[in-house]
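Understanding the architecture of this molecule
Chain by chain, the residues:
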Number of protein chains: 2
Amino acid sequence: MAMKNIRLLGPKEIRALIRKGKWDKPTAGLAMGYAQANLVILPQKYAFDFLLFCQRNPKPCPLLEVLEPGKFKTKFLSSDADIRTDIPRYHIYRKGRLQSTVKEIRGIWKPDLVTFLLGCSFSFEEAMLRSKIPVRHIEENRNVPMFITNIPCKSAGVFHGPMVVTMRPMPPEKVARAVQITSRYASVHGAPIHIGDPAAIGVKNLRKPEFGDPVTIKKREIPVFWACGVTPQAVVMEAKPDLCITHAPGHMFVSDLLNEELAIL
Amino acid sequence: MAMKNIRLLGPKEIRALIRKGKWDKPTAGLAMGYAQANLVILPQKYAFDFLLFCQRNPKPCPLLEVLEPGKFKTKFLSSDADIRTDIPRYHIYRKGRLQSTVKEIRGIWKPDLVTFLLGCSFSFEEAMLRSKIPVRHIEENRNVPMFITNIPCKSAGVFHGPMVVTMRPMPPEKVARAVQITSRYASVHGAPIHIGDPAAIGVKNLRKPEFGDPVTIKKREIPVFWACGVTPQAVVMEAKPDLCITHAPGHMFVSDLLNEELAIL
């Protein structure tokens, strides 16, 4: 199958290519309309604390599906996915340090591993674009700018740390609509956590994001901040668990769930 | 303090009375405007499975706060509550059987106990009344009628069972508004799970609820069904844990959080 056609494929076909090792690149723009998910896999001894951390911090950590210890087949996000093979690239961390990047994890799978799949802002960006709300980093073909704030997450067991946010600048007259639209997607970060004044949340320089790329902020535009899925990853790394497996940035799990199925209203 | 004034008290004052053993009756109608919560306390070995059950079944099991093992002070729902003393009456179950009803649980508290506080439909009923949507069981001064459906909850570890629902009848022209209003309260059961045709969800006779009381259904009225907080209790009892402590029905935890603070829109 010609790779140039990948944008026309549905999620099941994309996961089949990934499983066969035929697609190991980022998943942005694939299976448009379908939700993509962040992956965090932890040993069972950390699982209650991490589940509790997500329950306490639903905006940065919107859980889409959690599997029981040892399980690697999803039920809710897809009925035919294997979490060990169906993600283009995995990062393997030991004691909080990146050890390797791999294309499948069957070889290191263990019966005490617990899989967490978390919502991703791709879902609400699609809805913003449909409503003619600018998404600057998409216009400029960059990574979304991300900032570490002074807003503490609610800690849970060994997991604690500041909230990381994404920033999307927009003209003032678009802000209310952006709030309405993203409020519908509570399971993919939901409404903004902050609008305007970056200094109030500890963001010193909008031109210097801690992760991702800077984007153009036009005259009169307001910076709008959403909780970011990098938060749980940063919090997990800080806790230095023996083992943690995540997706490589941008190389997400492509689910069979439509973004519209995630919308709450 | 004269008990006749209890309806004028705020949540902190009500909890203080409860703590001193001076109020051991149901909490319906107290601290109007403030969220009340269902209580489930389980030994740590069941905690991950139950937290996962709630994550998978947010409509019947809307988590408001979960405490770490051994903790008995809330942080989110109140900054000064003690879960061992601040509920009017507790039910103590061993192996799924009710063993005793008590007014405080300090004597049996153990460091491995995990506390779950779940949203309660009192919150959205207040919003319905404000919008002139009839709440029949309140009008008729009865318990809400509850039915066991044929809708299976998503199981998690040892926890599984059917969804229990509440039913509120209303004229057809009120149904859309009732959906809108309760959708705002996702953390207290949220939107209805079913509208009309009781047989489709396995409810045979609206006059014979499995729990609570029957209510009048007027000509032309549509039965509207919401997921019910009795679901997690039924599921826990079915799993027959060594120990489980809950609130006695209607004797809820009165929180410092306004219902409006729980609304998502």
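Just above sits the structure.
Reference entry: report on the structure contained in this document. Every value quoted in this text rests on a predicted model; they were computed, and no experiment measured them.

Here's the deal with the overall build of chain A
When helices and strands are tallied, chain A shows seven helices and 11 strands. In terms of overall size, chain A behaves like a compact globule, its C-alpha atoms giving a radius of gyration of 18 Å where 265 residues would be expected to give roughly 18 Å. Principal-axis analysis of the C-alpha atoms gives chain A an extent of 55 × 45 × 35 Å. Classification of the 265 residues of chain A by burial places 57% in the buried group. A separation threshold of at least 6 residues defines the contact pool for chain A, and within that pool the share at least 24 residues apart is 77%.

So, the state of the cysteines
All names here are of chain B. Counted by the stated rule, this structure contains zero disulfides over all chains. The closest cysteine sulfur to the non-disulfide-bonded Cys54 is located on Cys61, 4.5 Å from its own sulfur. Lacking any disulfide linkage, Cys120 is separated from the closest cysteine sulfur, that of Cys228, by 9.3 Å. Owing to a relative accessible area of 6%, Cys120 belongs among the buried residues under this scheme.

A look at the pattern of salt bridges
All chains considered together, the criterion is met by 42 salt bridges over all chains. For the salt bridge of Glu260 of chain A with Arg130 of chain A, the shortest nitrogen-to-oxygen distance reads 3.3 Å. With Glu260 of chain A in helix H7 (residues 259–262) and Arg130 of chain A in helix H3 (residues 122–130), this pair connects stretches of sequence that are 130 residues apart. Among the ionic pairs, Arg15 of chain B bridges to Asp86 of chain B, the shortest N-O distance being 4.0 Å. Of the two residues, Arg15 of chain B is situated in helix H1 (residues 11–19) and Asp86 of chain B in the loop between strand E2 (63–66) and strand E3 (90–94); the sequence distance between them amounts to 71 residues. Among the charged side chains, a salt-bridge network with shared partners connects Lys12, Arg15, Arg19, Asp80, Asp86 and Asp256 of chain A.

Re the sheet that holds strand E7 (residues 162–170) of chain A
Residues and elements named next belong to chain A. Strand order across the open sheet formed by four strands is E6-E7-E9-E8, with antiparallel pairing between neighbours. Of all strands in the sheet, those with a lone pairing partner are strand E6 (146–152) and strand E8 (194–195), marking the two edges. Most of the contacts of helix H5 (residues 172–183) go to strand E9 (residues 222–227), to which it runs at about 15 degrees, and overall it touches E7, E8 and E9.

Points about the pairing of strand E5 (residues 113–119) of chain B
On a regular strand, one side chain projects to one face of the sheet and the next to the other, so that they alternate. Residues and elements named next belong to chain B. Extensive coverage of E5 is indicated by the burial of seven of its seven residues. Alignment of strand E1 (residues 34–43) against E5, held across seven bridges, turns out to be antiparallel. What sits directly across from Val40, in E5, is Phe116. Sheet topology note: the E2/E5 ladder contains three bridges and is antiparallel. If you follow Val66 over to E5, its bridge partner there is Phe116.

A word on the packing of helix H2 (residues 47–56) of chain A against helix H2 (residues 47–56) of chain B
Two elements in contact, H2 of chain A and H2 of chain B, have axes separated by 10 Å at closest approach and are oriented at 30 degrees. The handedness of the crossing between H2 of chain A and H2 of chain B is left-handed. Residues Ala47, Phe48, Leu51, Leu52 and Gln55 of chain A of H2 of chain A lie in contact with H2 of chain B, whose contacting residues are Ala47, Phe48, Leu51, Leu52 and Gln55 of chain B. In terms of residue class, the contact of H2 of chain A with H2 of chain B is made up of eight nonpolar, two polar and no charged.

What to know about the environment of Lys110 of chain A
Residues and elements named next belong to chain A. Within the secondary structure layout, Lys110 lies in the loop between strand E4 (97–102) and strand E5 (113–119). Among the residues examined, Lys110 registers a relative accessible area of 42% and is labelled partly exposed. In contact with Lys110, not counting residues within four places along its chain, are Gly70 and Leu243.

A look at unusual backbone geometry
Negative phi characterises most residues that are not glycine, and trans characterises most peptide bonds. Residue and element names in this part refer to chain B. A positive phi angle, close to 45 degrees, is found at Ala31, a residue other than glycine. In this structure, Ala31 sits in the loop between H1 and E1. Using a relative accessible area of 3% as the deciding quantity, one classes Ala31 as buried. Positive phi, normally seen in glycine, also occurs at His189, with a value near 85 degrees. Its place among the elements puts His189 in the loop between helix H5 (172–183) and strand E8 (194–195).

Details of the interface of chain A and chain B
Listed as interface residues are 21 residues of chain A and, on the opposing side, 22 residues of chain B. Of all residues in chain A, Phe48, Gln55 and Glu68 of chain A bury the most surface against chain B, accounting for 33% of the area lost on that side. Remark: the boundary between chain A and chain B carries two salt bridges. Residues Glu68 of chain B and Arg56 of chain A are paired through a salt bridge, measuring 3.2 Å at the closest nitrogen-oxygen approach. In this assembly, chain A and chain B are joined by six residue pairs in polar contact (both at pLDDT 80 or more).

Notes on the sheet that holds strand E6 (residues 146–152) of chain B
Residues and elements named next belong to chain B. Reading across the sheet, the four strands line up as E6-E7-E9-E8 and stay open at both edges, with antiparallel pairing between neighbours. Only two strands of the sheet have a single neighbouring strand rather than two, namely E6 and E8. Pairing of E8 with strand E9 (residues 222–227), which is carried by two bridges, proceeds in the antiparallel orientation. The partner of His194 across the bridge, within E9, is Phe225. Each of strand E7 (162–170) and E9 is contacted by helix H3 (residues 122–130), which is oriented at about 15 degrees to E7, the strand it contacts most.

A closer look at the relation of the copies chain A and chain B
Between chain A and chain B, which share one sequence, the superposing operator has a rotation angle of 180 degrees and an axial displacement of 0.0 Å; the RMSD is 0.0 Å. On this basis, the relationship between the two copies can be described by a two-fold rotation axis. Identified as the residue of chain A closest to the rotation axis by C-alpha distance is Phe48 of chain A, at 2.6 Å. When the interface residues of chain A are mapped onto chain B, 100% of them again lie at the interface, so the same face is used by both copies.

Reading guide: rules and limits
- Residues numbered from 1 in each chain as written.
- Chains lettered and ligands numbered in written order.
- Predicted model: local features only at pLDDT ≥ 70, side-chain atom pairs only at ≥ 80, totals over all residues.
- Heavy atoms only, no water.
- Helix = DSSP H or I, 4+ residues; strand = E, 2+ residues; numbered from the N terminus.
- Rg over C-alpha atoms; globule rule 2.2 N^0.38 Å.
- Buried < 20%, exposed > 50% of the residue type's maximum accessible area, 1.4 Å probe, protein only.
- Contact = heavy atoms within 4.5 Å.
- Disulfide = S-S within 2.5 Å.
- Salt bridge = Lys/Arg side-chain N within 4 Å of Asp/Glu carboxyl O.
- Pairing = 2+ DSSP bridges.
- Axes fitted to C-alpha atoms, helices over the stretch in contact; angles between N-to-C directions.
- Left-handed = near helix turned anticlockwise from the far one by under 90°.
- Nonpolar A, V, L, I, M, F, W, Y, C, P; charged D, E, K, R; others polar.
- Buried area = accessible area lost by both parts, 1.4 Å probe.
- Polar contact = N/O pair within 3.5 Å; in protein donor to acceptor, adjacent residues only side chain to side chain.
- Least-squares fit on C-alpha atoms with pLDDT ≥ 70 in both.

Nothing here speaks to function; it is all geometry.
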